[in-house]
Amino acid sequence: MKKLSLTILLAVAAFAASPEEPSAFGAGNLDSPNPYGLSEEEKHILRNKQAIEALQKSLLKQQQIVQENRERIDGLQSILEGLNSKIRSYDNAVEKIDDLNRTVDQLVVTQQENFEQIRKVLQELGAMIDSINEKYVDKERFEKLESAFLDFKNSYESFMKKGDLSGKANADIFVEAKKLFSKKRYSDAKIYFDHLIKNHYKPATSNYYLGEIAYREGRYKDAIAHYKKSASLYDKSSFMPTLLLHTAVSFERLGDRKQAKQFYESLIQLYPESKSAKVARKNLAKLK
């Protein structure tokens, strides 16, 4: 009976308590939003719990910041890739313009050679016409005149077709180009070597021969440019001693004694037993 009365009293007290007043049954509850009635050990645990929660919030915020930065970096990377693509496009455009300029230069040179041949033939024809006006031309002489004109016509047509190398194998063109070079037909050889470079066939050797043509024609700046291109493509070729020697001579004839000296010294150091090195020693002695 006493136990029943105590239970009823506790129930009545619990319902009678103010909603705002903490209940004794919630004391020491660490999961409560506002814990109370904590022991020192529970308070210590609560502080650790709060510190952990704060740390978790800080870590979450840092993760959000890292994610945002990663997204920004990805965006910047996309922009950089786009810029790199545009730069490559510009480089390709510049290269095409350079090729076009070289083609135009070659056409100008070829056309000037054509005009020179036409001028010479016209002078000869003019002399023949003057001769015809001065005296009677018999059938035999007329036939010779006609034959000379036909020879010129065929020669001119053949000359105009020399630059058309389409349909020929690069290996055959290369052999023919070296023959033309050895015969000192430099204008014709240049057309062949330019064609080979355009078709990416033996570019190092072709640039070397173009350098040699420019060197022998006294175009030393052009010679140095071709030698430099050749060496940058392949610096183990058998013609490297000659290339270095003629590069040094070209610089010397352009008045750049410092560069000439450097190339002479490099040649002597790299190929001490070569014939070019002997010439380099003599030339170098004159510069000191």
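Look up a bit, the structure's there.
Residues numbered from 1 in each chain as written. Predicted model: local features only at pLDDT ≥ 70, side-chain atom pairs only at ≥ 80, totals over all residues. Heavy atoms only, no water.

Turning our attention to a nonpolar patch on the surface. Where nonpolar side chains cluster on the molecular surface, the patch consists of Leu76, Ile79 and Leu83 and spans about 290 Å² of accessible area. Tracing the backbone shows isoleucine 79 in helix 2 (residues 40-134). (Patch = residues over 30% accessible without salt bridge, like charges linked within 9 Å, V, L, I, M, F, W, Y side chains within 5 Å. Areas by Shrake-Rupley, 256 points an atom, 1.4 Å probe, with all protein chains shown as cover. Salt bridge = Lys/Arg side-chain N within 4 Å of Asp/Glu carboxyl O. Helix = DSSP H or I, 4+ residues; strand = E, 2+ residues; numbered from the N terminus.)

This part takes up the nonpolar core. With 37 residues, the main nonpolar core has Phe181, Tyr192, Phe193, Ile213, Leu243 and Tyr264 as its most contacted residues. No other element matches helix 8 (residues 240-253), which puts 7 residues into this core. Each residue touching leucine 243, except ones within four places of it in the same chain, is listed here: Tyr208, Tyr227, Ser230 and Ala231. (Core = buried A, V, L, I, M, F, W, Y, C linked by side-chain atoms within 4.5 Å. Buried < 20%, exposed > 50% of the residue type's maximum accessible area, 1.4 Å probe, protein only. Contact = heavy atoms within 4.5 Å.)

Per the counting criterion, the structure on display carries 5 salt bridges. With a closest N to O distance of 3.1 Å, aspartate 194 and lysine 190 form a salt bridge. Placement of both aspartate 194 and lysine 190 in helix 5 (residues 186-198) is noted, with a separation of 4 residues, approximately one turn of the helix. The class of aspartate 194 is partly exposed, set by a relative accessible area of 27%.

Compared with the 18 Å implied by 1.5 Å per residue over 13 residues, the 18 Å span of helix 4 (residues 170-182) between its first and last C-alpha is a close match. Within helix 4, burial applies to Ile173, Phe174, Ala177, Leu180 and Phe181. The buried residues of helix 4 occupy an angular sector of 125 degrees when the element is viewed end-on, so they sit on one face. Exposed side chains of helix 4 directed beyond 90 degrees from the buried face belong to Asp172 and Ser182. On its buried face, helix 4 is in contact with helix 5 and helix 6 (203-216). With its phi angle positive at about 65 degrees, lysine 184 sits one or two positions after the end of helix 4. (Expected span 1.5 Å × (residues − 1). Arc of directions from axis to C-beta.)

Within this model, the second largest pocket holds a volume of roughly 210 Å³. Every residue lining the second largest pocket is counted, 14 residues in all, and those nearest its centre are Ala231, Met240, Leu243, Leu244 and Phe263. Going through the elements one at a time, helix 7 (220-233), helix 8 and helix 9 (257-270) are the ones with two or more residues in the lining of the second largest pocket. Its residues placed into classes, the lining of the second largest pocket shows 10 nonpolar, 1 polar and 3 charged. (1 Å grid on protein atoms, 1.4 Å probe; cavity = no way out; pocket = protein on both sides within 12 Å on 5 of 7 lines; lining within 4 Å. Points joined across faces, edges and corners; volume = space filled by probe spheres on them. Nonpolar A, V, L, I, M, F, W, Y, C, P; charged D, E, K, R; others polar.)

Where helix 8 meets helix 10 (residues 275-287), the closest approach of the two axes is 9 Å, and the angle between their N-to-C directions is 20 degrees. With respect to helix 10, the element helix 8 is oriented roughly parallel. The handedness of the crossing between helix 8 and helix 10 comes out as left-handed. Between helix 8 and helix 10, the residues in contact are Pro241, Thr242, Leu245, Val249 and Glu252 and Ser276, Val279, Ala280, Asn283 and Leu287, respectively. (Axes fitted to C-alpha atoms, helices over the stretch in contact; angles between N-to-C directions. Parallel < 35°, antiparallel > 145°, perpendicular 65-115°, else oblique. Left-handed = near helix turned anticlockwise from the far one by under 90°.)

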